[in-house]
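Below are the chains, spelled out letter by letter.
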Amino acid sequence: MTDLLLLMCGIVGLWMGSETLIKGAMSLADRYRVSDAMFGMLVLAIGTDLPELFIAVDASLRSLAGEDLSGIVIGSAIGSSVGQFALVFGVAGFIGYESMNRKFLSRNAFFLIGSIAAVFLCSYDGVISRLEGIVLCMYYASYFAVVILRRAEMPESEAEIAHMTAVRAWLILALGLVVLMVAAELTVVHAVRFAERVGLSNIAVSAIIIGMGSSLPELSVSFVALLRKRGGLSVGNLIGSNILDTLLVPGVAAVIAPLIIPAAVLMIDLPVLLVVTSLVLVFLYVTGRGVRALEASVLLAIYIGYVFLRLSGPGS
């Protein structure tokens, strides 16, 4: 019970650290007038995904010491990606997402679907090597570059963000980073201990508990954005976060220490991620409906099925 409580404290810390960091990041980003979509894809996506990145780095450093925590890394990364598209779109979708501009479909599909394919190919032999980790990081760098270089396609945002001095914003950013580092350490240590106590694998616990917990920043951002009629901010955040989780998190971790990939990731996690990603792209860019109650219900049903399968299926 103590391990579960401390694990929950770690997840809460991840959320609080992200919220603190985002507050400072938004104030600094307000100095540069960028669109909601671009702001979400870059600033918010990186800010809300720092928990997964810190968890991956911490777990990989522990792996260098001889403790294989690859399941924590890949489970939290892919589990968070599934959570962002199935759980966050599923819950926030009841408020309603408008359909998005189709001219961005090909670019987003190339990086979203391509990132899943890249991880699958790198994981097919059961290991993501350091070289393959570098390839994944470079793929993410290309996405980052494309978004920056094509920013002129997106209209500037006219929404105002609460202003604070640059010094205060940087201090808040630093505080958020410190909280994230401490919370990541707490989460990794007690996720492993909790998994051992209940007889579950690292990947099952990380995919569900850590994956769901680390999706809380995206969920909170999405609710605020939708209630303020700024769905583009939420969509940009979720797309950018998904690509970062799928490519950069395992990529950085593998560069530190090669990842051992359980077969269950290839059989369960990546196929589920492919399905929910494809559905979200169709809902947002093809049907013209966006994501509303019906679409949200479909995504939530898939997530519930994923949780059940993850806890009772192969590799659990």
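It should be noted that the structure appears before, not after, this text.
Residues numbered from 1 in each chain as written. Predicted model: local features only at pLDDT ≥ 70, side-chain atom pairs only at ≥ 80, totals over all residues. Heavy atoms only, no water.

Caption draft 1: Spatial organisation of the side chain of Ser 70. You can see Ser 70 is positioned in helix 3 (residues 70–92). In this view, Ser 70 contacts Ser 63, Pro 258, Leu 259 and Ile 260; residues no more than four positions away in its chain are not counted. (Helix = DSSP H or I, 4+ residues; strand = E, 2+ residues; numbered from the N terminus. Contact = heavy atoms within 4.5 Å.)

Caption draft 2: Fine view of the nonpolar core. By size, the foremost hydrophobic cluster in this structure holds 77 residues, and its most contacted members are Phe 89 and Tyr 97. If we skip the residues at most four places from it in the chain, Phe 89 touches Gln 84, Tyr 97, Val 235, Leu 238, Val 280, Leu 284, Val 291, Ala 296 and Leu 299. (Core = buried A, V, L, I, M, F, W, Y, C linked by side-chain atoms within 4.5 Å. Buried < 20%, exposed > 50% of the residue type's maximum accessible area, 1.4 Å probe, protein only.)

Caption draft 3: Fine view of the packing of aromatic side chains. In this structure the tally under the stated criterion is 10 aromatic pairs. On the basis of an interplanar angle of 70° and a centroid distance of 6.1 Å, the ring pair of Phe 110 and Tyr 139 is categorised as edge-to-face. Residue Phe 110 is located in helix 4 (residues 105–123), and its partner Tyr 139 is located in helix 5 (residues 130–149); the two are separated by 29 residues in the primary sequence. Counting every residue linked through ring pairs, the aromatic cluster contains Phe 110, Phe 111, Tyr 139, Tyr 140, Tyr 143 and Phe 144. (Phe/Tyr/Trp six-rings, centres within 6.5 Å; stacked < 30°, edge-to-face > 60°.)

Caption draft 4: Looking closely at the packing of helix 4 against helix 10 (residues 263–285). At a minimum axis separation of 11 Å, helix 4 and helix 10 run at an interaxial angle of 175°. On the basis of the axis angle, helix 4 is roughly antiparallel to helix 10. Facing helix 4, whose interface residues are Leu 105, Asn 108, Ala 109, Leu 112, Ile 113, Ile 116, Val 119, Phe 120 and Ser 123, helix 10 presents Leu 266, Leu 270, Leu 273, Leu 274, Thr 277, Ser 278, Leu 281 and Tyr 285. (Axes fitted to C-alpha atoms, helices over the stretch in contact; angles between N-to-C directions. Parallel < 35°, antiparallel > 145°, perpendicular 65-115°, else oblique.)

Caption draft 5: Looking closely at helix 3. Under the 1.5 Å per step criterion, the end-to-end length of helix 3 is 31 Å for 23 residues, consistent within 8% with the ideal 33 Å. Along helix 3, the sharpest change in direction is near 35° and occurs at Gly 83. With 22 of 23 residues buried, helix 3 is to be regarded as a mostly interior element. (Expected span 1.5 Å × (residues − 1). Bend = angle between axes of the 7 residues up to and from the residue.)

Caption draft 6: Up close: the environment of Ile 148. Summarising the element assignment, Ile 148 is placed in helix 5. A residue is classified by how much of its surface remains accessible, and Ile 148, at 27% relative accessible area, is partly exposed. Separated by 106 residues in sequence, Ile 148 and Leu 42 place their C-alpha atoms 8.7 Å apart. Sequence-distant contacts of Ile 148, that is, excluding residues within four places in its chain, are made with Met 38 and Leu 42.

Caption draft 7: Structural detail: a nonpolar patch on the surface. A grouping of Leu 131, Ile 134, Val 135, Met 138 and Val 255 is seen on the molecular surface, where their side chains present a nonpolar patch of about 460 Å² in accessible area. For the nonpolar patch, the leading source of residues is helix 5, giving 4 residues. Along the chain, Met 138 turns up in helix 5. Using a relative accessible area of 55% as the deciding quantity, one classes Met 138 as exposed. (Patch = residues over 30% accessible without salt bridge, like charges linked within 9 Å, V, L, I, M, F, W, Y side chains within 5 Å. Areas by Shrake-Rupley, 256 points an atom, 1.4 Å probe, with all protein chains shown as cover. Salt bridge = Lys/Arg side-chain N within 4 Å of Asp/Glu carboxyl O.)

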